[in-house]
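Residue strings, one per chain:
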Amino acid sequence: MIEKSRYLITTSDPETWKKDEPVLLLGEWCINHNKISLKDVDYRLVKPYGIGHKNRDKDITKAREIEKKIIPILSDILNNTHNLNFSERYWKILFYPWLRRYVEVMINRINNIMLCFENYKISGSTFFNDDYNLAPKDSYEAILKYDDHVWNNILYKKIIEKLNIHNFEKNIINNKHQASNKKNFNFKKFLLFLLIDICNFFTKIFNKNSGVYFDPYLSFKNKINLYFNLRQLPFLWNSSRELNFKYKYNNKLRESLGSKFIQVKHTDKIEQIIFEMVFDLIPMSLLESYQYINNISNKLSLPNNPKFIATSNAFDYDEIFKFWASLKIEKQNVKYIILQHGNNYGTHRYINPSVEEINADKFITWGWTVPNNNKYIRGFINKTSNLNFKKKFKPTKYVLITEDLHHRYWTYDSHFEYWQKYESTKKFIENFPDTLKNNLLLRMHISDKKFNNNMYHRLIKSFPNLKIEFSTNNYWSTISNSKIVIFNYDSSGILELLSLNVPFIAFLYNKTEHLRDSAKPYYNLLEKEGIIHYNVDSAIFKINEIYENIDKWWKSDNVQEARNIFCKKFARTSKNPGYDISKIINTIP
């Protein structure tokens, strides 16, 4: 459908807007009521891209096919660039977390632009100049850039150019938003890392060939038990160690390397653009700063010949860990063990398998396994196992926990999904029993208070008397004072509370669309007993039905049987987690 010409808006920055003519907003992220009033603006929103399980299935399949094509070529190029001869696995440990997100981001952004120009007549658009490096410093900064309005604006401009779309006016403005790379010296952090290095130095002397276990997610007591049963002293680690990326972006090098990707044959224009832009967006940690980080990792006070390397989450953002671990795995064939650290593993349709599952030698789950695949080992929730948690004698709150806005690194429009959850949350609060509303507490992520046009500001306008707390408040303290917890999404908290036998319900606006077929029967079992709900009306009906005696419902035979079946599969517990983890690790050949 072609209607009247509209000026394309790609960001919430007022500098890129024109309010004196009809405008087309590329997505919900363009709206910021604090800066721009839409009262008298003639605007339309581009239809959100990638929504619905059929579209997501198609896009994820395409993303995985592109990944497989890029990995061997990128590994070879990086080997040649750094004069190395390392395996694909070495490089995958370093770049795969970034690569997966990069491919999905590009599928979303390219299709978003194509959908826009195919369905609307664009009169013009404003872009920032190219005096801005799209490449992040590392994997973590890439995630932050995916949410950045300047970064996305310039990326959209480059995509439009690669799609050879020129039949509209381009207005180029100066970028006044360049982030400063200067960081203040943090003396407390300096002392912390100095202490860690000193402790690890002496530990290394007495544990020359011991295993290294990063972030075990255990209480202090259980950590002691873990290392005692591993027969070693603990190695300390803190993933907040910052790197000084003093090496400059090398445009000449990137253009040279990018030309090698242009020679690859592609199935369509989308795949071609994704290949062509790899070296525009690849992190500096893999190119300009590679040797710098490698030198730092080689100087760590960690074992020269570790028996194993285990982690719950350092595999993604912690560049120093990844560099150290990948070299030990490459050169010494050290076993790489990764432990599940949240939900979605084993259940989520579009994280199957995750990058960390692919890279690991052994993956320790919270209970599920994969048939005929000995990589997966049945473990338990180490975060709640043996947790000293007690409910208050007379809890008073009905705690509604909402999901924060996802980063924009998916194939689909995460902002659209966020506002769908907002609508269902608003409906839940509107229909929550009046006699209980004074005891309703909304718990939100702190980021919800900060980003443009967020759920928090909309809800307080609709419900000025609603009690709200943020994720900076102690989670378990809030849960201990809850009569019942309500989730508006499929949360890690669901698995945690099931394992602790704490009453809750959850309403999932997208029903079971996000689940693997193998997981659906288990969720349907919880739905049958009124724990999981696939619409708000059902959740409200359940609250009205049980609020006078929540424990009677929760402790009923049917509910407890459903809980036990689900926990046995996805949320196992341990009475002695330190010992049990050490037992699992010690039995790995």
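A brief look at the structure comes next. If you're wondering where the values come from, they're calculated on a predicted model, not measured in any experiment. (Residues numbered from 1 in each chain as written. Predicted model: local features only at pLDDT ≥ 70, side-chain atom pairs only at ≥ 80, totals over all residues. Heavy atoms only, no water.)

1. Some points on the overall build of the chain
Helix and strand counts for the chain stand at 22 helices and 16 strands. Relative to the compact-globule value of 25 Å for 589 residues, the chain shows a C-alpha radius of gyration of 25 Å, a close match. Across its three principal axes, the chain shows a C-alpha extent of roughly 65 × 65 × 50 Å. In the chain, the proportion of contacts linking residues at least 24 apart, taken out of those at least 6 apart, comes to 75%. When the 86 basic and 62 acidic side-chain charges of the chain are each reduced to a single mean position, those positions are 6 Å apart. (Helix = DSSP H or I, 4+ residues; strand = E, 2+ residues; numbered from the N terminus. Rg over C-alpha atoms; globule rule 2.2 N^0.38 Å. Contact = heavy atoms within 4.5 Å. Lys, Arg positive; Asp, Glu negative; His and termini not counted. Charge placed at Lys NZ, Arg CZ, Asp CG, Glu CD.)

2. Re helix α10 (residues 290-298)
Turning to α10, its buried residues number three or more, namely Tyr 290, Tyr 292, Ile 293, Asn 294 and Ser 297. The secondary structure elements touched by the buried residues of α10 are α2 (88-119) and α12 (319-332). (Buried < 20%, exposed > 50% of the residue type's maximum accessible area, 1.4 Å probe, protein only.)

3. Details of the sheet that holds strand β6 (residues 212-213)
One open sheet accounts for five strands, arranged β6-β7-β8-β9-β10; its pairing is parallel. Across the chains shown, the open sheet's two edge strands, defined by having one partner strand only, are β6 and β10 (376-378). As judged from the three bridges shared by strand β9 (residues 362-365) and β10, these two strands associate in the parallel manner. Looking at β10, one finds that Phe 363 is bridged to Tyr 376. (Pairing = 2+ DSSP bridges.)

4. A few points about a nonpolar patch on the surface
Together, Tyr 140, Leu 144 and Tyr 317 make up a nonpolar patch on the protein surface, roughly 280 Å² of accessible area in all. Secondary-structure assignment places Tyr 317 in helix α11 (residues 314-317). Given the relative accessible area of 36%, Tyr 317 is considered partly exposed. (Patch = residues over 30% accessible without salt bridge, like charges linked within 9 Å, V, L, I, M, F, W, Y side chains within 5 Å. Areas by Shrake-Rupley, 256 points an atom, 1.4 Å probe, with all protein chains shown as cover. Salt bridge = Lys/Arg side-chain N within 4 Å of Asp/Glu carboxyl O.)

5. A short note on empty space enclosed by the protein
Summed over the entire model, instances satisfying the criterion amount to five cavities of 30 Å³ or more. Here the largest cavity defines a volume of roughly 60 Å³. The wall of the largest cavity is formed by Leu 339, Gln 340, Ile 364, Thr 365, Trp 366, Gly 379, Phe 380, Asn 382, Ile 581 and Ile 584. Of all the elements in the fold, those that place two or more residues in the lining of the largest cavity are β9 and α22 (577-586). Here the residues of the lining of the largest cavity sort into six nonpolar, four polar and no charged. (1 Å grid on protein atoms, 1.4 Å probe; cavity = no way out; pocket = protein on both sides within 12 Å on 5 of 7 lines; lining within 4 Å. Points joined across faces, edges and corners; volume = space filled by probe spheres on them. Nonpolar A, V, L, I, M, F, W, Y, C, P; charged D, E, K, R; others polar.)

6. Here's the deal with the packing of aromatic side chains
As enumerated under the stated definition, the model contains 32 aromatic pairs in all. Between Trp 91 and Tyr 290 the ring centres are 5.6 Å apart and the planes differ by 35°, which places this aromatic pair in the tilted class. Here Tyr 290 lies in helix α10 and Trp 91 lies in helix α2, a separation of 199 residues in the sequence. We note that Trp 91, like Tyr 290, is buried. For the pair Phe 504 and Trp 554, a centre-to-centre distance of 5.7 Å together with 55° between the ring planes defines the contact as tilted. Taken together, the residues span a long stretch of sequence, with Phe 504 in strand β15 (residues 504-507) and Trp 554 in helix α20 (residues 550-554) at a distance of 50 residues. We note Arg 231 situated over the ring of Phe 228; from NZ or CZ to the ring centre the distance is 5.2 Å. (Phe/Tyr/Trp six-rings, centres within 6.5 Å; stacked < 30°, edge-to-face > 60°. Lys NZ or Arg CZ within 6 Å of the ring centre and 35° of its normal.)

7. Some details on the sheet that holds strand β2 (residues 23-25)
Hydrogen bonds along the backbone pair up the strands of a sheet, which may run parallel or antiparallel. Taken in spatial order, the five strands line up as β3-β2-β1-β4-β5 in an open sheet, and their pairing is parallel. Since the sheet does not close on itself, it has two edges, and those belong to β3 (43-45) and β5 (169-173), each with one partner. For this sheet, the mean angle separating the axes of adjacent strands, direction not counted, is 25°. For β2 and β3, the ladder comprises three bridges, and the chain directions are parallel. Bridging across to β3, Leu 24 finds its partner in Arg 44. On the sheet, helix α4 (residues 149-162) packs against β4 (122-128) and β5 and is oriented at approximately 130° with respect to β4. (Axes fitted to C-alpha atoms, helices over the stretch in contact; angles between N-to-C directions.)

8. Focus: helix α14 (residues 414-431)
Helix length check: α14 (18 residues) gives 26 Å between terminal C-alpha atoms against 26 Å at 1.5 Å per residue, within 8%. Among the residues of α14, Ser 414, His 415, Glu 417, Tyr 418, Trp 419, Lys 421, Tyr 422, Ser 424, Thr 425, Phe 428 and Ile 429 are the ones counted as buried. (Expected span 1.5 Å × (residues − 1).)

9. Quick word on unusual backbone geometry
A cis amide bond links Asn 352 with the next residue in sequence, Pro 353, at an omega value of -10°. Within the secondary structure layout, Pro 353 lies in the loop between β8 (335-339) and α13 (355-359). Of note, Arg 231 is a non-glycine position whose phi angle comes to about 60°, a positive value. If you trace the backbone, Arg 231 turns up in the loop between α6 (220-229) and α7 (251-262). Even without glycine at this site, Asn 372 takes up a positive phi of about 60°. Relative to the helices and strands, Asn 372 resides in the loop between β9 and β10. With relative accessibility at 85%, the residue Asn 372 sits in the exposed group.

10. Some thoughts on the packing of α14 against helix α19 (residues 536-546)
Between α14 and α19, whose axes approach to 10 Å, the crossing angle comes to 30°. Between α14 and α19, the crossing angle belongs to the class labelled roughly parallel. Along this stretch, α14 crosses α19, giving a crossing that reads as right-handed. For the pair α14 and α19, contact is made by Ser 424, Lys 427, Phe 428 and Asn 431 and by Val 536, Asp 537, Ala 539, Ile 540 and Ile 543, respectively. Residue composition of the contact of α14 with α19, grouped by class: five nonpolar, two polar and two charged. (Parallel < 35°, antiparallel > 145°, perpendicular 65-115°, else oblique. Left-handed = near helix turned anticlockwise from the far one by under 90°.)

11. Points about the pairing of β4
Within β4, six of the seven residues are buried, which leaves the element mostly enclosed by the surrounding structure. In the sheet, strand β1 (residues 6-9) pairs with β4 via three bridges, with the strands oriented parallel. Bridge pairing links Tyr 7 to Gly 124 in β4. Bridge count for β4 against β5 is five bridges, and the pairing is parallel. For Phe 128, the partnering residue across the bridge sits in β5 and is Ile 173.

12. Points about the pairing of β9
Across the two faces of β9 the burial is the same, with Lys 362 and Ile 364 and Phe 363 and Thr 365 all buried. Here β8 runs beside β9; their pairing, made up of three bridges, is parallel. The residue bridging Ile 338 from the neighbouring strand is Phe 363, located in β9.

13. Digging into the packing of helix α18 (residues 520-528) against helix α21 (residues 557-570)
Two numbers describe how α18 lies on α21: the axes approach to 9 Å, and their chain directions differ by 155°. Classified by the angle their axes make, α18 and α21 are roughly antiparallel. Considering only the axes of α18 and α21, their crossing is left-handed. Counting all contacts with α18, which are made through Tyr 522, Tyr 523, Leu 525 and Leu 526, the residues of α21 involved are Ala 562, Arg 563, Ile 565, Phe 566, Lys 569 and Phe 570. For the contact of α18 with α21, the residue count by class is eight nonpolar, no polar and two charged.

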